[in-house]
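Here is what each chain is made of, one letter per residue.
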Amino acid sequence: MCTLIKFYDKDVLKNIASVITLKPEKIIFIYDNQIKDYNRFVSLKKCFSKHYTDYSFERYPININDLQEIYETVKSILLCNEECYIEFTGGSELMLMAGFKAGYDLNARLIYTDLIERLIKDTENNLIAKMAKICINDFVDAMGAKIIGNSKHEPKEEDYDNILNMADYIFHNLYDWKKTCSFIQTAMSQTAPSDLFLEARALPVKKYSRTSLCDKNMLFKFQKYGFIKELVFSKNKISFTFTSETSKQYLINYGVWLELFVFISAKRCGKFDDVFLGTMLDFNAYDGQIIQGNEIDVLLCDNSLPVFISCKLRNADTPALNELIVAKKRLGGWFSKAIIVAFGNEKKEKTGTYKRAKELGISMLDKSDILSGDFGEKLIKAIDENDLVKLKWNSVQ
């Protein structure tokens, strides 16, 4: 029986990568005895069981400051099991020292996982295996979280071109979109959620003490690209019908067009394993309550590393950066990346927000990138250049 001995770590990828790759018949975790939340291990088992079910699972608490106890614990496990591998990816320094000595003394297979190069090797640098692909759901399951839905309807592939064409028009006519969106929101505010028909006075209406009047050309574009139909302008009224509930959602949400633009661009790259839109997470799946934590505008997986993307159809600001960092650290840990896409000139003007993003290891794409015509390539470059190895030695203030 193949047994894999691991040292539990706060970084989820260190806990799951080798297990999903090697699929050992027995998985043994050695962990800090101060951990009292055993749902951590329930979560790991849930993650592993989606890949294979023929395994046994054991865990051993230890005092992580007691070298002798760690050594004796590892030694006793090795004596009771055959064909043991000890992985030295994760855990504290003392765990690794004592575990290595025990493994060396009893001739266990000593291995580690290079999470950046995605390779599992032994201590003599021999290749054991190429790391299996890790998906977003693996991170969610292993962290004890749960995807509780999506805040936006994901578009159908056949609608991608119309959405991109409409987004491009909106990006070049942002003021007209702002007043048109406000007008539609006001007109639909007193209707039932399922109502797809809009009829409103053509005269300006007040919303939050601001005058709002929709732009006719904007509405004609929405009709051209299939988001509304039966558009009628009369002397005193404007009326039209949304072509679907999804179209209605897009027309009453000011910032959704940038999220859709980024989502479709990421999907069309063909480089990423998962691409999710408007992901809503409950960070504790075991407390009996459904409580939304962070909403992630676009979430994708690149070479088994989660990438968190925040989209702002305005200038970026410090709260947006902080929100992105919280989601990144909470779900992905160190082995994850963060990108903010904002419709401002932060990079060109090298604003304080841009400098702060760099300090935090967040890559930024701004208005010039969005309007460049090759946003997909710029997104790939931004993700590839978000170098976790170099970031480790940056000074984060």
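Look up: the structure comes first, before these words.
The present account deals with the structure reproduced in this document.

The rules behind the values
Residues numbered from 1 in each chain as written. Predicted model: local features only at pLDDT ≥ 70, side-chain atom pairs only at ≥ 80, totals over all residues. Heavy atoms only, no water. Pairing = 2+ DSSP bridges. Helix = DSSP H or I, 4+ residues; strand = E, 2+ residues; numbered from the N terminus. Axes fitted to C-alpha atoms, helices over the stretch in contact; angles between N-to-C directions. Patch = residues over 30% accessible without salt bridge, like charges linked within 9 Å, V, L, I, M, F, W, Y side chains within 5 Å. Areas by Shrake-Rupley, 256 points an atom, 1.4 Å probe, with all protein chains shown as cover. Salt bridge = Lys/Arg side-chain N within 4 Å of Asp/Glu carboxyl O. Lys, Arg positive; Asp, Glu negative; His and termini not counted. Charge placed at Lys NZ, Arg CZ, Asp CG, Glu CD. Buried < 20%, exposed > 50% of the residue type's maximum accessible area, 1.4 Å probe, protein only. Contact = heavy atoms within 4.5 Å. 1 Å grid on protein atoms, 1.4 Å probe; cavity = no way out; pocket = protein on both sides within 12 Å on 5 of 7 lines; lining within 4 Å. Points joined across faces, edges and corners; volume = space filled by probe spheres on them. Nonpolar A, V, L, I, M, F, W, Y, C, P; charged D, E, K, R; others polar. Expected span 1.5 Å × (residues − 1). Arc of directions from axis to C-beta. Parallel < 35°, antiparallel > 145°, perpendicular 65-115°, else oblique. Left-handed = near helix turned anticlockwise from the far one by under 90°.

Let's talk about the sheet that holds strand β1 (residues 3–7)
The strand order β3-β2-β1-β4-β5-β6-β7 describes an open sheet built from seven strands, whose pairing is mixed. Two strands close off the open sheet at either side, each with one partner strand: β3 (56–62) and β7 (127–130). Neighbouring strand axes in the sheet, compared pairwise and without regard to direction, differ in orientation by 25 degrees on average. Taken together, the three bridges between β1 and strand β4 (residues 84–87) define a ladder with parallel strand orientation. What sits directly across from Thr3, in β4, is Cys84.

Notes on the sheet that holds strand β15 (residues 295–302)
Ordered by their spatial adjacency, six strands build an open sheet running β8-β14-β15-β16-β17-β18, and the pairing between neighbours is mixed. With partners counted over all chains shown, the strands left at the sheet margins are β8 (146–150) and β18 (362–365), one partner each. Neighbouring strand axes in the sheet, compared pairwise and without regard to direction, differ in orientation by 40 degrees on average.

Looking at a negative patch on the surface
Side chains of Glu25, Asp54, Glu82 and Glu83 sit close together on the surface and give a patch of like negative charge. Within the secondary structure layout, Glu83 lies in the loop between α3 (67–80) and β4.

Here we look at the side chain of Lys248
Its place among the elements puts Lys248 in helix α9 (residues 245–251). Within the buried set, Lys248 has no salt-bridge partner at all; the shortest N-O distance to an opposite charge, 6.3 Å, is to Asp195. Leave out the neighbours within four places in its chain, and Lys248 touches Met188, Thr191, Ala192, Pro193, Ser194, Asp195, Leu196 and Phe242.

So, the layout of surface pockets
Approximately 1000 Å³ is the volume found for the largest pocket. If you trace the largest pocket, you find 42 residues lining it, with Asp9, Lys10, Asp11, Val12 and Asn15 closest to the centre. Taken together, the residues that form the lining of the largest pocket break down as 18 nonpolar, 12 polar and 12 charged.

So, unusual backbone geometry
Look at Lys23: it is not a glycine, yet its phi comes out positive at around 50 degrees. Looking at the element boundaries, Lys23 is found in the loop between α1 (12–22) and β2 (26–32). A positive phi angle is found at Asn107, which is not glycine, with a value near 60 degrees. If you trace the backbone, Asn107 turns up in the loop between α4 (93–105) and β5 (109–114). Judged by relative accessible area, Asn107 falls into the exposed class, the value being 70%.

Focus on helix α6 (residues 160–172)
Helix length check: α6, at 13 residues, gives a terminal C-alpha distance of 18 Å against a target of 18 Å (1.5 Å per residue), a fit within 8%. Of all the residues in α6, the buried ones are Tyr160, Ile163, Met166, Ala167, Tyr169, Ile170 and Phe171.

Some thoughts on the pattern of salt bridges
Enumeration over the complete set of coordinates arrives at 16 salt bridges. In this structure, the salt-bridge partner of Glu259 is Lys152, at a minimum N-O distance of 2.9 Å. Separated by 107 residues along the polypeptide, Glu259 in helix α10 (residues 256–269) and Lys152 in the loop between β8 and α6 bring together distant segments of the chain. For Lys152, a relative accessible area of 7% gives the class buried. Close ionic contact of Lys378 with Asp369 constitutes a salt bridge, the shortest N to O distance being 4.0 Å. A residue is classified by how much of its surface remains accessible, and Asp369, at 6% relative accessible area, is buried. Look at the salt bridges and you will find they share partners, linking Lys46, Lys50 and Asp141 into a network.

Considerations on the environment of Leu94
Topologically, Leu94 is positioned in helix α4. Once the C-alpha coordinates of Leu94 and Phe220 are considered, the two residues, 126 residues apart in sequence, prove to be 67 Å apart. If we ignore the near neighbours within four places in the chain, the residues touching Leu94 are Ile64, Asn65, Leu67 and Ile70.

A short note on helix α2 (residues 39–49)
Listed as buried for α2 are Phe41, Ser43, Leu44, Cys47 and Phe48. Buried positions in α2, seen along its axis, are confined to an arc of 155 degrees and lie on one side of it. At its buried positions, α2 is contacted by α1, β2, β3 and α5 (136–142).

What to know about the packing of α10 against helix α15 (residues 375–385)
Where α10 meets α15, the closest approach of the two axes is 9 Å, and the angle between their N-to-C directions is 80 degrees. Looking at the two axes, α10 sits roughly perpendicular to α15. The residues of α15 that touch α10, namely those facing Phe261, Val262, Ser265, Ala266 and Cys269, are Phe375, Gly376, Leu379 and Ile380. Of the residues that constitute the contact of α10 with α15, the class distribution is seven nonpolar, two polar and no charged.

Looking at the packing of α1 against α2
Axis separation between α1 and α2 bottoms out at 10 Å; the angle between their running directions is 30 degrees. In this structure, α1 meets α2 at a crossing whose hand is right-handed. Contacts from Asn15, Ile16, Val19 and Ile20 of α1 reach α2 at Leu44, Cys47 and Phe48. In terms of residue class, the contact of α1 with α2 is built from six nonpolar, one polar and no charged.

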